[in-house]
Amino acid sequence: MKYYFSSSARAYPLLKELGAENFLLSFAVDAKECHKMLNENVIIDSGAFSVWNKGGSIDIDEYLNFCKSLPQHWTFINLDVIPETGSKAEDIERCCSQGYENYLYLKQHLKNVMPVYHCGDNIKWLHKFMETADFLGISPANDTHENVKRVFLKEVFSITRDKVKTHGLGYSSFDGLKMFPFYSVDSISFKKSKINGTQFWNEDSKLWYYLRLRIKDFLRMEKDITQLWEKRGIKW
């Protein structure tokens, strides 16, 4: 399993020093720093959710042109259409359809486009993506309890199993990764530390001692989870 360090531009020198090989950058946040990483394994996220949270939107052609300027062995996440919180089923379905049109459009111009199946989407979209892609993004409801995420993931992996590579967006539960055979995952959790019960962000350079420890934890987890699934017969 590959662990992609998300929003990693600022900590890139330290990540490289410690042996990190996989990085995820957001078009809407930090992807302009990707020139440092041209020889790395990189996933580019559109950042649609972050922009939507601020009441904005992303122009698909602007995103496409940016992606076309980058190494084409990289993976580019589809530009999703985000439904409003509390949307009815028909509104969610409309957003899924629009997102699928975006996926087909990007796929015409880019080699590696990752479609995303979200918690709450009709299961038909998972089957549809499996017909057209060999690398799928899986997005649990990351604002919900881990138990809720696992119910969703159990349904997903009862269908995907090891037939297709899956990437867990924003998912890095160490115990959860022992249950589900993701090809890769990403998160910003490596930036968080907890001391004496208090959680804090350690991205500030004054706290990089703790950041270094957390990066090592996630690199160790990446290795351990990979070995676990290989023993179970799944080797990507």
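Visitor: How should the environment of aspartate 204 be read in this particular structure?
Guide: In this structure, aspartate 204 sits in the loop between β11 (198-201) and α8 (208-231). It is 24 Å that separates the C-alpha atoms of aspartate 204 and isoleucine 43, two residues lying 161 residues apart in sequence.

Visitor: Please explain the packing of aromatic side chains as it appears in this structure.
Guide: To describe a pair of aromatic rings, you give the distance between the ring centres and the angle between the ring planes. Enumeration over the complete set of coordinates arrives at 18 aromatic pairs. With centroids separated by 5.9 Å and ring planes inclined at 45°, the aromatic side chains of tyrosine 100 and tyrosine 103 adopt a geometry described as tilted. Pair noted here: tyrosine 100 and tyrosine 103 are both in helix α4 (residues 89-109), with a separation of three residues, about one helical turn. Accessibility classification places tyrosine 100 together with tyrosine 103 in one group, the buried group. Geometry around phenylalanine 27 places lysine 32 over its ring, the cationic atom sitting 6.0 Å from the centre.

Visitor: Hey, could you run me through the nonpolar core in this one?
Guide: The nonpolar side chains of soluble globular proteins are, as a tendency, buried together. In this structure, Phe5, Ile44, Tyr63, Phe182 and Ile215 are the most contacted members of the largest nonpolar core, which totals 63 residues. Residue contributions to this core peak at seven residues, all from α8. Other than its neighbours up to four places away in sequence, phenylalanine 182 contacts Met1, Ile138, Leu153, Phe157, Thr166, His167, Gly168, Tyr171, Leu177 and Trp236. Formed by nine residues, the second largest nonpolar core is a distinct cluster that contains Tyr4, Met114, Phe135 and Leu169.

Rules and cut-offs
Residues numbered from 1 in each chain as written. Predicted model: local features only at pLDDT ≥ 70, side-chain atom pairs only at ≥ 80, totals over all residues. Heavy atoms only, no water. Helix = DSSP H or I, 4+ residues; strand = E, 2+ residues; numbered from the N terminus. Phe/Tyr/Trp six-rings, centres within 6.5 Å; stacked < 30°, edge-to-face > 60°. Buried < 20%, exposed > 50% of the residue type's maximum accessible area, 1.4 Å probe, protein only. Lys NZ or Arg CZ within 6 Å of the ring centre and 35° of its normal. Core = buried A, V, L, I, M, F, W, Y, C linked by side-chain atoms within 4.5 Å. Contact = heavy atoms within 4.5 Å.

No statement about biological role is implied by the geometric values presented.
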